[in-house]
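# Analysis of the macromolecular model
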Amino acid sequence: MRWSLPALWSAVERFAHARGAIPATFLWNLAQGSVVPGPSDLLMVPLAIADPPRTRVLACTAALASVIGGCIAYGLGAVAFATVGTPLLHAIGISDAMLARIMTLMLDRGWIFVIGSALTPLSTKALAMTAGAVAMPFPVFAFALGAGRVVRYVIIVLLLEASAGTLLTLRRRLLKH
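All of the points below concern the structure found in this document. Residue positions are given per chain, counting from 1 as you read along its sequence in written order. Local features in this predicted model are restricted to residues of pLDDT 70 or higher, and side-chain atom pairs are both shown and tallied only at a pLDDT of 80 or more, whereas totals for entire chains, interfaces and linings draw on every residue. Excluded from the side-chain calculations are hydrogens and water; all other atoms, namely the structure's heavy atoms, are used.

## Some words on the pattern of salt bridges
The salt bridge definition used is simple: a Lys or Arg side-chain nitrogen within 4 Å of an Asp or Glu carboxyl oxygen. Overall, the coordinates contain three salt bridges when judged by the stated rule. With its nearest N and O atoms 2.7 Å apart, the salt bridge here joins Arg152 to Asp41. Taken as a pair, Arg152 in helix H7 (residues 138-162) and Asp41 in the loop between helix H2 (21-34) and helix H3 (44-50) lie far apart in primary sequence, 111 residues in all. Since its relative accessible area comes to 17%, Asp41 is described here as buried. Between Arg56 and Glu161 there is a salt bridge whose closest N-O contact spans 2.8 Å. Of this pair, Arg56 sits in helix H4 (residues 55-91) while Glu161 sits in helix H7, and the two are 105 residues apart along the sequence. Only runs of H or I of at least four residues qualify as helices and only runs of E of at least two qualify as strands under DSSP, and these elements are numbered from the N terminus. Each residue's exposure class comes from its accessible area (1.4 Å probe, protein chains only) as a fraction of the maximum for that residue type: buried when under 20%, exposed when over 50%, partly exposed otherwise.

Okay, structure coming up:
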């Protein structure tokens, strides 16, 4: 079956207004925050454009789920680093001395990296696993991740709300209705 842009957008709009939109946003961001690769805003932004009144609820759902997912990634890093991470790093030529320098840097300034990854397209899950691997204090990690994600989603909501009229006009032009 061949999809057209109007048919695809119609499906997105139907889903955005359905009860499954919020749980799907939660599950996608939980999975993406912990182990699944992909952009964290993949589901939230199109659903928010299709159903503007739900933008803030979708953003809060996405932020909460991505923080929980990041905490899961932190735990994976803490548990699996010695058995999986260290041998892999040694296999690609990272010495114990280099590893010690990286660990020290993460312990001293890791919160900055966590906030940075939460605000940008950098891999938050990789940073979360690294934070767990180096035993960054969990409250510091969780606060940095939460703060970064809240700021990120507030910016996304503000951008979506500020551009709502433009997005509606663009939608009408592209879909011819």
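## Quick word on the packing of aromatic side chains
Ring geometry is summarised as follows: Phe, Tyr and Trp rings, the Trp one being its six-membered ring, pair when their centres sit within 6.5 Å, and such pairs are stacked at plane angles under 30 degrees, edge-to-face over 60 and tilted between the two. Applying the stated criterion across every chain, the model contains three aromatic pairs. Consider the rings of Tyr74 and Phe138, whose centres lie 5.1 Å apart with planes at 70°: the pair is edge-to-face. Within this pair, whereas Tyr74 is found in helix H4, its partner Phe138 is found in helix H7, the two being separated by 64 residues in sequence. Given a relative accessible area of 12%, Tyr74 falls into the buried group. For Phe138, a relative accessible area of 37% translates into the label partly exposed. Between the aromatic rings of Phe138 and Phe141, the centroid separation amounts to 6.1 Å while the plane-to-plane angle is 40°, which identifies the pairing as tilted. Here Phe141 and Phe138 lie together in helix H7, a separation of three residues that amounts to about one turn. When its relative accessible area of 1% is taken as the criterion, Phe141 is described as buried.

Taken by themselves, the reported measurements are silent on function.
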